[in-house]
Amino acid sequence: MKILLLGSGGREHALAWKMAQSKNLSRLFIAPGNAGTATLGENIPVKVDDFEGIGRVALDKKIDMVVVGPEDPLVKGITDYFSSEPNLKHIPVIGPTAKGALLEGSKEFAKEFMIRHKIPTAKHFSVTDNNLKNGLEYLSCMQPPFVLKADGLAAGKGVLILDSLAKAREELKAMINGKFGQASSKVVIEEFLKGIELSVFIITDGESYLILPEAKDYKRIGEGDTGLNTGGMGCVSPVPFADKDFLKKVEERIIKPTVEGLKKDNIEYKGFIFFGLMNYNGDPFVVEYNVRMGDPEAEVVLPRLKTDLVNIFKAVAEKNLLQIKVDITPQSCATVMLVSGGYPEAYEKNKEITGFENIDDSLLFHAGSAIKDGSVITSGGRVMAISSMGNNFQEALKKSYKNAEFVTFDKKHYRKDIGFDL
Ligand code: AMP
Ligand code: GLY
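To keep things clear, this report deals only with the structure shown in the data block.

So, how was this worked out
- Residues numbered from 1 in each chain as written.
- Chains lettered and ligands numbered in written order.
- Predicted model: local features only at pLDDT ≥ 70, side-chain atom pairs only at ≥ 80, totals over all residues.
- Heavy atoms only, no water.
- Salt bridge = Lys/Arg side-chain N within 4 Å of Asp/Glu carboxyl O.
- Helix = DSSP H or I, 4+ residues; strand = E, 2+ residues; numbered from the N terminus.
- Buried < 20%, exposed > 50% of the residue type's maximum accessible area, 1.4 Å probe, protein only.
- Near = heavy atom within 4 Å.
- Polar contact = N/O pair within 3.5 Å; in protein donor to acceptor, adjacent residues only side chain to side chain.
- Areas by Shrake-Rupley, 256 points an atom, 1.4 Å probe, with all protein chains shown as cover.
- Contact = heavy atoms within 4.5 Å.
- Pairing = 2+ DSSP bridges.
- Axes fitted to C-alpha atoms, helices over the stretch in contact; angles between N-to-C directions.

## Remarks on the pattern of salt bridges
So, point 1. One pass over the full model with this rule turns up 35 salt bridges.
So, point 2. A salt bridge links Glu 42 to Lys 61; its shortest N-O distance comes to 3.7 Å. Of this pair, Glu 42 sits in strand 3 (residues 42–43) while Lys 61 is found in the loop between helix 2 (51–60) and strand 4 (65–68), placing the two residues 19 residues apart along the sequence.
So, point 3. For Glu 42, a relative accessible area of 31% puts it in the partly exposed group.
So, point 4. Classification of Lys 61 by relative accessible area gives partly exposed; the value is 28%.
So, point 5. Between Glu 251 and Lys 248 there is a salt bridge whose closest N-O contact spans 3.9 Å. A residue pair is termed a helical-turn pair when its members lie 3 or 4 positions apart in one helix, as Glu 251 and Lys 248 do in helix 9 (residues 244–264) at 3 residues.
So, point 6. Salt bridges linked by common partners bring Lys 167, Glu 170, Glu 171 and Lys 179 together as one network.

## Section: the site of ligand 1
So, point 1. Around ligand 1, 14 residues are found, and the nearest of them are Lys 149, Glu 190, Leu 193, Glu 197 and Glu 288.
So, point 2. Lys 149 places a side-chain nitrogen or oxygen 3.0 Å from a nitrogen atom of ligand 1.
So, point 3. Contact distances for ligand 1 include 2.7 Å between a nitrogen atom and a side-chain N or O atom of Glu 190.
So, point 4. Here ligand 1, which alone exposes 460 Å², has 88% of that area covered by the protein.
So, point 5. Of all the secondary structure elements, the ones that give two or more residues to the shell around ligand 1 are strand 7 (146–150), strand 8 (159–162) and strand 16 (283–290).

## Digging into the side chain of Ser 340
So, point 1. You can see Ser 340 is positioned in strand 17 (residues 332–340).
So, point 2. The exposure class of Ser 340 is buried, given its relative accessible area of 3%.
So, point 3. Engagement of the side chain of Ser 340 in a polar contact is seen with the backbone oxygen of Gly 380, the distance being 2.9 Å.
So, point 4. Non-local contacts of Ser 340, meaning those with residues more than four positions away in its chain, are made with Tyr 347, Glu 348, Gly 380, Gly 381, Val 383, Phe 409 and Lys 411.

## Notes on the sheet that holds strand 8
So, point 1. Spatial ordering of the open sheet is given by 6-9-7-8, a layout of 4 strands whose pairing is antiparallel. A single partner strand is all that each edge strand has here, and the edge strands are strand 6 (124–127) and strand 8. Neighbour-to-neighbour, the strand axes of the sheet open up by a mean angle of 20°, direction not taken into account.
So, point 2. With 4 bridges connecting them, strand 6 and strand 9 (residues 187–190) associate as antiparallel partners. For Val 127, the partnering residue across the bridge sits in strand 9 and is Val 187.

Have a look at this one:
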């Protein structure tokens, strides 16, 4: 099978790495890819939201399947584009239609979906310019902290959690007035959920689903979960507190009603669902849906998956997923993200990365890297994820931290406390 993978992060390097192990993969193309994916297939310089460009590549290279890494092209309708173009519609796309992608693309849509299908989540109130006064009153009746979410995609920056009512009122007005552009012309105010977060992943063909390993991500830049939010600084899988009982509740109360709900709502969905969850006193609540794998979650989930990923994707495309049994190693996997100094605020790029050859017993997934004049250079905030396996997450982390020392680039930074709260 010839597969075209869309995206350029650590998640895509991990997806490419896993697919490359399949006997059923004949060639892999990645658009646009990074220095890591270039070692597993052919990178093609086409942007993930250039649908016509992607369509041309798919025809030129005689692609049999497209796998979508990030949310942006899904929310913009890449799956619908392929199914509506007469010369592309024979090529299956792994990733939901635009309607399905609204689970991530609109917080309000996701909330209404959860209410409709009785899926546990925080109470909410939606605000636009038309009912801003009601929104401000709603805030006054709540207990702090106050959770404000831009309805649309805001590059992971659209959620504010505030302790003071005055600040929350001020931010609500600023959001409605365009703080996050069009994405915050509607704002969802949410009740704050106390607890400990984790993520659960499935892949579905719209009928049945496979549950993939759960993971816990460390989103803040600073040790002890302090400072600004990032795309994710490290991750572990499995999550020790997610025991059998808890995961059973997740399946019965959240996964099943979500897949059933999509069917009832006539939403075609073939792809990953990422459930961002809060464990509150042993009960799971949905904090968010994502319509893709996480990054860096993919870098710990996929190394634990023993089943052939290309076979899984093929079964999803053929609506035949019930035939596949998922096999997961009981070993732990942990990843540590090396980032450019300054990230998630301003940072410098084009720093040469060296020392890969010294990596021992870890997997190195490139995120923000590129090749220039034969050298590997930094090209993003999150530069690479170092994933390792072990009998427990502490053992896995030890290997990642040892190898994190070997990879060098100017102003390299990483969190030294991944897993500190477990
Ligand atoms: P989201 O983009 O919806 O996942 O929100 C980003 C982060 O904000 C989450 O990962 C949580 O850490 C936090 N968060 C979002 N919603 C809530 C909530 N209702 N209660 C507590 N924390 C939340
Ligand atoms: N690491 C969080 C995400 O991929 O959304």
